[in-house]
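The lines below spell out each chain.
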Amino acid sequence: MILALLLDLANIAGGLLLAAGLIRRLPRVGDELGRFADRAAPQGWIVGIVALALGAAYLLMHLLAGPRVFHFEVVGIGVGLALLWDRITGRRAPEPAPASDGPTGRALLLAVFGVVAVVVGLQGLFTPD
């Protein structure tokens, strides 16, 4: 139960880090949340490791013991890979666009996936195990 909670929190935190480009565009709260995401971004690899490890563990557990594969672990694996992309491949992740333009291209895709990860993480908090 604690590990499921950690996976949900990792999905939420990782989603917020990935969606920082879109969060900055929110009126009234975007600037503060954007600054928080900038300060938390260097430690994003920790969230990535937790999301990737727990997502893979739950995926294996549900593949081998059932009942079925859930979207929580698939999104957790995606969040972990997105946050650890530069450490895994040695290439830099897509840079977000300047604050005035908003994200485009791959950065927009990652930001939308971040919003999806936040929604999935919140859903996981309220879904019984």
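Bear in mind that the values here come from a model prediction, so they are computed numbers and not experimental data.

Enquirer: What should I look at first to understand the environment of leucine 16 in this one?
Expert: Within the secondary structure layout, leucine 16 lies in helix α1 (residues 2–18). Taking relative accessible area as the criterion, leucine 16 reaches 38% and is therefore assigned partly exposed. Separated by 99 residues in the primary sequence, leucine 16 and valine 115 place their C-alpha atoms 7.1 Å from one another. Residues within four places of leucine 16 in sequence aside, it is in contact with Ile23 and Val118.

Enquirer: Hey, could you run me through α1 in this one?
Expert: Given 3.6 residues per helical turn, the α-helix brings residues three or four places apart onto the same face. In this model, α1 (17 residues) spans 24 Å end to end at C-alpha, consistent with the 24 Å of a helix rising 1.5 Å per residue. All buried positions along α1 are accounted for by Ala4, Leu7, Asp8, Ala10, Asn11, Ile12, Gly14, Gly15, Leu17 and Leu18.

Enquirer: Which parts of the structure should I look at to understand the side chain of asparagine 11?
Expert: Looking at the element boundaries, asparagine 11 is found in helix α1. In contact with asparagine 11, other than residues within four places in its own chain, are Phe72, Val75, Gly76, Val79, Ala117, Val118, Val120 and Gly121.

Enquirer: Could you clarify how one ought to interpret the packing of α1 against helix α5 (residues 71–83) in this entry?
Expert: Following both chains from N to C, one finds α1 and α5 inclined at 45°, their axes separated by 9 Å at the closest point. In terms of axis orientation, α1 runs oblique to α5. The handedness of the crossing between α1 and α5 is left-handed. Every residue of α5 that contacts α1 at Leu7, Asp8, Ala10, Asn11, Gly14, Leu17 and Leu18 is listed here: Phe72, Glu73, Val75, Gly76, Val79, Ala82 and Leu83. Its residues placed into classes, the contact of α1 with α5 shows nine nonpolar, three polar and two charged.

Calculation criteria
The residue numbering used here restarts from 1 in each chain and proceeds along that chain's sequence as written. Local features in a predicted model are, by the rule used here, given only for residues with pLDDT of at least 70; side-chain atom pairs are given and counted only at 80 or more, and totals for whole chains, interfaces and linings are based on all residues. Side-chain descriptors were evaluated using all non-hydrogen atoms of the structure, hydrogens and water having been removed beforehand. Each helix is a run of H or I in the DSSP string that is no shorter than four residues. Each strand is a run of E no shorter than two, and both are numbered from the N terminus. Burial classification: accessible surface area is computed with a 1.4 Å probe over protein chains only, and a residue below 20% of its type maximum counts as buried, one above 50% as exposed, and the rest as partly exposed. In this analysis, two residues are considered to be in contact whenever any of their non-hydrogen atoms come within 4.5 Å of each other. For a helix, the expected span equals 1.5 Å multiplied by the residue count minus one. Angles shown run from 0 to 180 degrees and are taken between the N-to-C directions of axes, each axis being a line fitted to C-alpha atoms and, for helices, limited to the stretch in contact. To sort the angles, those under 35 degrees are grouped as roughly parallel, those over 145 as roughly antiparallel, those from 65 to 115 as roughly perpendicular, and the leftovers as oblique. By convention the crossing between two helices is left-handed if the near helix lies anticlockwise of the far one by an angle smaller than a right angle, and right-handed if it lies clockwise. Ten residues, namely Ala, Val, Leu, Ile, Met, Phe, Trp, Tyr, Cys and Pro, are considered nonpolar, four, namely Asp, Glu, Lys and Arg, are considered charged, and the remaining ones, Gly among them, are considered polar.

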